[in-house]
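Listed below, chain by chain, are the residues.
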Amino acid sequence: KEEKRLSYEQKLSKCDHSVGKKLLEIAVEKQSNLIASADVTTTKELLELAEKVGPHIVALKTHIDIISDFDSDKTILPLKDLATKYNFLLMEDRKFGDIGNTQELQYRGGTYKISHWADLVTSHVIAGYQSLDCFMNSGVIAILSMSSKGALTDNNYRTEALKIVETHPNIVGCVAQNKVPENVLLFTPGVNLADKGDAKGQQYNTPEHVFKNLHTDFVIVGRGIYKSDDAEKSAKLYKLESWNAYLKSL
Ligand code: S5P
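Residues numbered from 1 in each chain as written. Predicted model: local features only at pLDDT ≥ 70, side-chain atom pairs only at ≥ 80, totals over all residues.

- If you look the chain up in an unreviewed UniProt entry, it shows as Orotate phosphoribosyltransferase from Cloacibacterium rupense.
- Checking UniProt for the chain, the heading Subunit (unreviewed entry) contains the comment "Homodimer." (UniProt positions renumbered as here; feature names shortened; annotations may be inferred.)

## A closer look at the overall build of the chain
- Secondary structure assignment for the chain yields 9 helices and 8 strands.
- A compact globule built from 250 residues would reach a C-alpha radius of gyration of about 18 Å, and the chain, at 17 Å, matches this within 12%.
- Taken along the three principal axes of its C-alpha coordinates, the chain extends 55 × 45 × 40 Å.
- Taken across its 250 residues, the chain has 43% of its residues classed as buried. (Helix = DSSP H or I, 4+ residues; strand = E, 2+ residues; numbered from the N terminus. Rg over C-alpha atoms; globule rule 2.2 N^0.38 Å. Buried ≥ 20, exposed ≤ 12 C-beta atoms within 10 Å, placed from the backbone.)

## Side note on the site of the ligand
- The local shell around the ligand holds 17 residues, among which Met146, Ser147, Pro189, Gly222 and Arg223 are the closest.
- Residue assignment for the shell around the ligand shows that the elements contributing at least two residues are β8 (218-221) and α8 (223-226).
- Here the residues of the shell around the ligand sort into 5 nonpolar, 9 polar and 3 charged. (Near = placed C-beta within 6 Å. Nonpolar A, V, L, I, M, F, W, Y, C, P; charged D, E, K, R; others polar.)

## Re the pairing of strand β3 (residues 89-96)
- Among the 8 residues in β3, 7 count as buried, and that is most of the element.
- Bridge count between strand β2 (residues 59-62) and β3: 4 bridges; the pairing is parallel. Bridge assignment links Lys61 to a residue of β3, and that residue is Met91.
- In terms of handedness, the path from β2 via helix α4 (residues 72-86) over to β3 forms a crossover that is right-handed.
- Relative to strand β4 (residues 120-124), β3 runs parallel, the two being bridged by 3 bridges. Paired with Met91 across the two strands is Leu120, which belongs to β4.
- Once the chain exits β3 it traverses helix α5 (residues 100-108) before rejoining the sheet at β4, and the crossover so formed is right-handed. (Pairing = 2+ DSSP bridges. Right-handed = clockwise from strand over helix to strand, strands pointing away.)

Pasting the structure below:
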């Protein structure tokens, strides 16, 4: 028999990470489980996209190191203002993957000072439990498996990674293409309504598929939104499709 999925309200009462709680509260309030991936390369494009999709998303996912004109004051300050204005979180998709000491330096310092502004960060757990200790100011979304063809995140890796995900206090949830226990928040990229994949190994599913079959909590949509002619309209469409798919999966 199909195991029933938990609602956001039920997950909220079980979640003990403050950033996880915040994310679930925003989901309920905005009736959205959409995270837009802002894979654009200039500050202007990033801020314009955030302004358009802001009302429809729970979080904006960045790859801050692809912004060619990054500047703390000109990029991050206005981005934070938009996050406040439209009530969404900032998720830096850094996919950390090193020993704790190096990750701490990458997280706190360098050009981007991620720890100063990111509510959420993505990280591999390949370096083991203690490598995650350094992420004190943000919730961690652990990478359990990847959406691309031939990813090496096999069953054994995922089983071991999940042990870290379920026990590390800094971890809020995980990115995966498979079902995870209901106590773990699940984030699923590789979502697109029009395409099946790209020429570089990316593989896409529909919102319907990931909510029904994976019991996903949040979808992550990149090109489906920022590459479309009307990013605001697309964000609204993905929000509605994904919210309805969630309701149907309850
Ligand atoms: O397994 C993964 C994990 C992530 S976080 N597969 C992914 O595609 N991502 C990210 O999600 C990827 O880095 C990109 O920013 C986004 C997907 O973008 P799209 O344009 O393919 O929707």
